[in-house]
Amino acid sequence: GISQSFTNQSYADRDPVKSIMNLQTSIDFMKFNTDGQILAMSSRREKDSLKLLHVPTKTVFSNWPTSKTPLGYVWSLDFSPGSKYMAIGNDKGKCLLYKVSHYHDK
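This text gives an overview of the structure that appears in the document. (Residues numbered from 1 in each chain as written. Predicted model: local features only at pLDDT ≥ 70, side-chain atom pairs only at ≥ 80, totals over all residues. Heavy atoms only, no water.)

Points about the pairing of strand S8 (residues 85-90)
Inference 1: In this sheet, S8 lies alongside strand S7 (residues 74-79) in antiparallel orientation, the contact comprising five bridges. What sits directly across from Val 74, in S8, is Asn 90.
Inference 2: Note that S8 and strand S9 (residues 95-99) share five bridges and pair antiparallel. When the sheet's bridge partners are listed, Gly 89 is paired in S9 with Cys 95.
Inference 3: Between S8 and S9, which pair antiparallel one after the other, the connecting turn spans four residues, and Gly 93 there sits at a positive phi close to 80°. (Pairing = 2+ DSSP bridges. Helix = DSSP H or I, 4+ residues; strand = E, 2+ residues; numbered from the N terminus.)

Below you can see the structure in the form of structure tokens.
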């Protein structure tokens with residue numbers, strides 16, 4: 001899946017500021033955290049398919065999730081108020097709760 005970032009000016013020109021191509025299948029779900037610094041992207045078509053983008057730097061977090069993070073097929077996700085936690089719903093009917101260490105002191 002490809003996610004493209006535009007500014008208001010660049011969107012009018014159809015010239016993306018950044019293209020994110022870290023998911024191998026189409027993106028089914030995207031969600032910004034509460035302050036807009038993190039964009040979560042997932043696909044239902046591939047197991048453990050979730051990426052987090054740090055929006056200000058336009059870089060994908062490489063340290064999480066890892067290949068050993070047991071997400072399953074991601075069907076939904078959301079951030080808590082203040083973004084200290086992220087909940088992920090999967091195909092097995094489980095809600096996985098992860099602490100977002102980027103916001104541990106906020």
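After presenting the structure, the write-up continues.
Quick word on the pattern of salt bridges
Inference 1: Using the criterion set out here, one finds two salt bridges in the structure.
Inference 2: One salt bridge connects Arg 45 with Asp 28, and the closest N-O pair in it is separated by 2.4 Å. Within this pair, whereas Arg 45 is found in the loop between strand S4 (38-42) and strand S5 (50-54), its partner Asp 28 is found in the loop between strand S2 (18-20) and strand S3 (29-32), the two being separated by 17 residues in sequence.
Inference 3: A residue is classified by how much of its surface remains accessible, and Arg 45, at 54% relative accessible area, is exposed. (Salt bridge = Lys/Arg side-chain N within 4 Å of Asp/Glu carboxyl O. Buried < 20%, exposed > 50% of the residue type's maximum accessible area, 1.4 Å probe, protein only.)

Some details on the environment of Lys 92
Inference 1: Relative to the elements of secondary structure, Lys 92 occurs in the loop between S8 and S9.
Inference 2: The exposure class of Lys 92 is exposed, given its relative accessible area of 60%.
Inference 3: Put simply, Lys 92 and Leu 71 are 21 residues apart on the chain and 9.8 Å apart in space, counted from C-alpha to C-alpha.

Focus: the layout of surface pockets
Inference 1: In this structure, the largest pocket spans a volume of roughly 210 Å³.
Inference 2: For the lining of the largest pocket, a count of residues per class yields eight nonpolar, three polar and one charged. (1 Å grid on protein atoms, 1.4 Å probe; cavity = no way out; pocket = protein on both sides within 12 Å on 5 of 7 lines; lining within 4 Å. Points joined across faces, edges and corners; volume = space filled by probe spheres on them. Nonpolar A, V, L, I, M, F, W, Y, C, P; charged D, E, K, R; others polar.)

Some words on the side chain of Thr 69
Inference 1: Mapping Thr 69 onto the fold places it in the loop between strand S6 (59-60) and S7.
Inference 2: Within the structure, Thr 69 has its side chain in polar contact with the backbone nitrogen of Thr 66 (distance 3.0 Å).
Inference 3: With residues up to four places along the chain from it excluded, the contact list for Thr 69 reads Asp 48, Trp 64 and Tyr 98. (Polar contact = N/O pair within 3.5 Å; in protein donor to acceptor, adjacent residues only side chain to side chain. Contact = heavy atoms within 4.5 Å.)

Notes on the nonpolar core
Inference 1: Within the largest apolar cluster, twelve residues are counted, these being Ile 38, Ala 40, Leu 50, Leu 52, Leu 71, Val 74, Leu 77, Phe 79, Met 86, Ile 88, Leu 96 and Val 100.
Inference 2: Listing elements by their share of this core, those giving two or more residues are S4, S5, S7 and S8.
Inference 3: The element that contributes the greatest number of residues to this core is S7, accounting for three residues. (Core = buried A, V, L, I, M, F, W, Y, C linked by side-chain atoms within 4.5 Å.)

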